[in-house]
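An overview of the molecular structure
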Amino acid sequence: FRFVYQEFGGKFDMVARVEQLEGTHSWAKACLMARQEMDPASRHADICTTRTGGQNIYNMQWRDTFGGGSVSKPGGERFGPVNYPDAWIRLVRETDDTNELKSYLSTDGVCWGDGVNDDVPYHIHTIPTDPDGELPSTLLVGLAVTSHDNGAEVPLAQAVYHSYSVKTYAGETPCPSGEDTVAIE
């Protein structure tokens with residue numbers, strides 16, 4: 001597991017295009033992730049792509065309690081195949097003090113949805129308040145990649161990302177419809 005991150009306070013909108021993911025395990029993943037801290041047992045949420053030739057799906061995962069297990073969107077609700085090299089993923093926290101995180105998918109980085117419908121989140125997950133309290137306003141946000149298997153005989157996964165950004169969430173921008181198009185002759 002590798003995580004390139006920055007601290008980001010309050011609401012955020014994080015986007016990346018995953019061009020490529022190489023690895024040998026079927027659950028190797030390239031992700032956008034938000035974590036409470038760097039402790040391996042930390043609460044977190046992420047939206048990931050898995051490799052072609054492996055699971056070949058988009059998947060949202062999370063850990064609700066410190067030290068608990070990571071879980072993911074149920075198998076029948078996952079979307080695939082992953083549209084490499086145009087696999088756009090997005091993770092959003094809409095308010096400063098919420099434990100709710102939303103994930104979205106896109107093939108163009110403009111229209112966001114659940115893979116089928118525009119303007120509909122792929123998954124919404126609320127990390128419950130654990131005995132330690134609410135998620136802090138400032139989280140660690142960034143790019144993650146995992147091989148899923150740390151065995152010496154398994155090559156490490158490698159991901160190629162483009163157009164990564166994280167900014168303060170400013171509201172949803174609806175997918176453009178053809179109705180706003182004006183023909184100029």
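For the structure itself, look to the data block above.
These remarks concern the structure in this document. (Residues numbered from 1 in each chain as written. Predicted model: local features only at pLDDT ≥ 70, side-chain atom pairs only at ≥ 80, totals over all residues. Heavy atoms only, no water.)

**Some details on the packing of aromatic side chains**
Filter applied, for reference: Only Phe, Tyr and Trp rings take part, Trp by its six-membered ring, and two of them pair if their centres are within 6.5 Å. Stacked means planes under 30 degrees apart, edge-to-face means over 60, and tilted covers everything else. Burial classes: relative accessible area under 20% of the type maximum marks a residue as buried, over 50% as exposed, and values in between as partly exposed (1.4 Å probe, protein chains only). Charge over a ring is defined by NZ of Lys or CZ of Arg lying within 6 Å of the ring centre and within 35 degrees of the ring normal.
Under the criterion given, the structure shown has five aromatic pairs. Here Phe-1 and Phe-3 contribute two aromatic rings whose centre-to-centre distance is 6.1 Å and whose plane-to-plane angle is 25°, an arrangement assigned as stacked. Judged by centre distance (6.4 Å) and plane angle (80°), the rings of Phe-8 and Phe-12 are edge-to-face. In this structure Phe-8 comes out as buried when scored by relative accessible area, which is 12%. Taken together through their ring pairs, the aromatic side chains of Phe-1, Phe-3 and Tyr-5 make up a single cluster. Directly above the ring of Tyr-122 sits Lys-73, whose terminal nitrogen or CZ lies 4.1 Å from the centroid. Over the ring of Tyr-104 we find Arg-90; its NZ or CZ atom is 4.7 Å from the centre of that ring.

**A look at the pairing of strand 7 (residues 87–93)**
When a strand is regular, its side chains alternate between the sheet's two faces. As a reminder, the rule being used: The way it works is that DSSP assigns letters per residue, a run of H or I at least four long becomes a helix, a run of E at least two long becomes a strand, and they are numbered from the N terminus. For two strands to be treated as a pair, DSSP must find at least two bridges joining them.
Counting buried positions along strand 7 yields seven of seven residues, so the element is predominantly enclosed. The pairing of strand 2 (residues 12–22) with strand 7 spans seven bridges and is antiparallel. Bridge pairing links Val-15 to Arg-90 in strand 7. Summarising the sheet, strand 7 and strand 8 (residues 100–106) pair through five bridges and their orientation is antiparallel. Bridge assignment links Leu-91 to a residue of strand 8, and that residue is Ser-103. Hairpin connection from strand 7 to strand 8: six residues lie between these consecutive antiparallel strands.

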